[in-house]
Amino acid sequence: QVQLMESGGGLVQPGGSLRLSCAASGSIFSITSMGWYRQVPGKQRELVATITRGGSTNYADSVRGRLTITRDNAKNTVYLQMNSLKPEDTAVYYCNAISYSSIYWGPGTQVTVSS
């Protein structure tokens, strides 16, 4: 089992920045990749960014160049640095971890971009 806990969400003005963190615990040795997804009411959860154990990254076109995913293997933590935020980035952001046999999700953290 893997447990995930996000932190760092909040309210920010358009053009501002936030950094989300996702701490993993439990059977972390089994994790092959981690990522961030987001969801707004009435819409499907969508990919934001992923990072493999080896550090390879993948981004949604809508966030490439503004959001950056990184990981600190020593701390078992994945980060999402969000810059130049737009109102359309408003969503609940979920951390995700994929192991050899399962997919895990955190409870989510709200990000609101508004003036």
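Structural notes, computed from the coordinates.

Analysis parameters
Residues numbered from 1 in each chain as written. Predicted model: local features only at pLDDT ≥ 70, side-chain atom pairs only at ≥ 80, totals over all residues. Heavy atoms only, no water. Core = buried A, V, L, I, M, F, W, Y, C linked by side-chain atoms within 4.5 Å. Buried < 20%, exposed > 50% of the residue type's maximum accessible area, 1.4 Å probe, protein only. Helix = DSSP H or I, 4+ residues; strand = E, 2+ residues; numbered from the N terminus. Contact = heavy atoms within 4.5 Å. Pairing = 2+ DSSP bridges. Phe/Tyr/Trp six-rings, centres within 6.5 Å; stacked < 30°, edge-to-face > 60°. Lys NZ or Arg CZ within 6 Å of the ring centre and 35° of its normal. Polar contact = N/O pair within 3.5 Å; in protein donor to acceptor, adjacent residues only side chain to side chain.

Let's talk about the nonpolar core
Argument step 1. Grouped together as the largest cluster of nonpolar side chains are 29 residues, with contacts concentrated most on Leu-4, Met-34, Trp-36, Leu-80, Met-82 and Tyr-93.
Argument step 2. Of all the elements in the fold, those that place two or more residues in this core are β1 (2–7), β3 (18–26), β4 (31–39), β5 (46–52), β7 (67–72), β8 (77–82), β9 (91–99) and β11 (109–113).
Argument step 3. Apart from residues lying up to four places away in sequence, Leu-80 is in contact with Leu-18, Arg-19, Leu-20, Trp-36, Val-48, Ala-49, Leu-67, Thr-68, Ile-69 and Tyr-93.

Thoughts on the pairing of β8
Argument step 1. For β8, the buried fraction is high: 5 of the 6 residues fall into the buried class.
Argument step 2. Inspection of the sheet shows β7 paired to β8 by 6 bridges, in the antiparallel sense. Its bridge partner lying in β8, Leu-67 is registered against Met-82.
Argument step 3. Linking two consecutive strands that pair antiparallel, namely β7 and β8, is a turn of 4 residues; a positive phi of about 55° is found at Asn-76 within it.

What about the packing of aromatic side chains?
Argument step 1. Scanning the entire structure with this criterion turns up 1 aromatic pair.
Argument step 2. Each ring, one from Tyr-37 and one from Trp-105, has its centre 5.1 Å from the other, and the planes form 75°; the classification is edge-to-face. Of this pair, Tyr-37 sits in strand β4 while Trp-105 is found in strand β10 (residues 103–105), placing the two residues 68 residues apart along the sequence.
Argument step 3. The class of Trp-105 is partly exposed, set by a relative accessible area of 38%.
Argument step 4. Here Arg-45 stacks its cationic end above the ring of Tyr-94, 3.6 Å away from the centre of that ring.
Argument step 5. Between Arg-45 and the ring centre of Trp-105, over which it is positioned, the NZ or CZ distance is 4.6 Å.

Side note on the side chain of Thr-109
Argument step 1. Residue placement: Thr-109 occurs in strand β11.
Argument step 2. Judged by its relative accessible area of 12%, Thr-109 falls in the buried class.
Argument step 3. One polar contact links the side chain of Thr-109 to the main-chain amide nitrogen of Gly-9, over a distance of 3.3 Å.
Argument step 4. Thr-109 has contacts with Glu-6, Gly-9, Leu-20, Ala-91, Val-92 and Tyr-93, leaving out every residue within four places of it along the chain.

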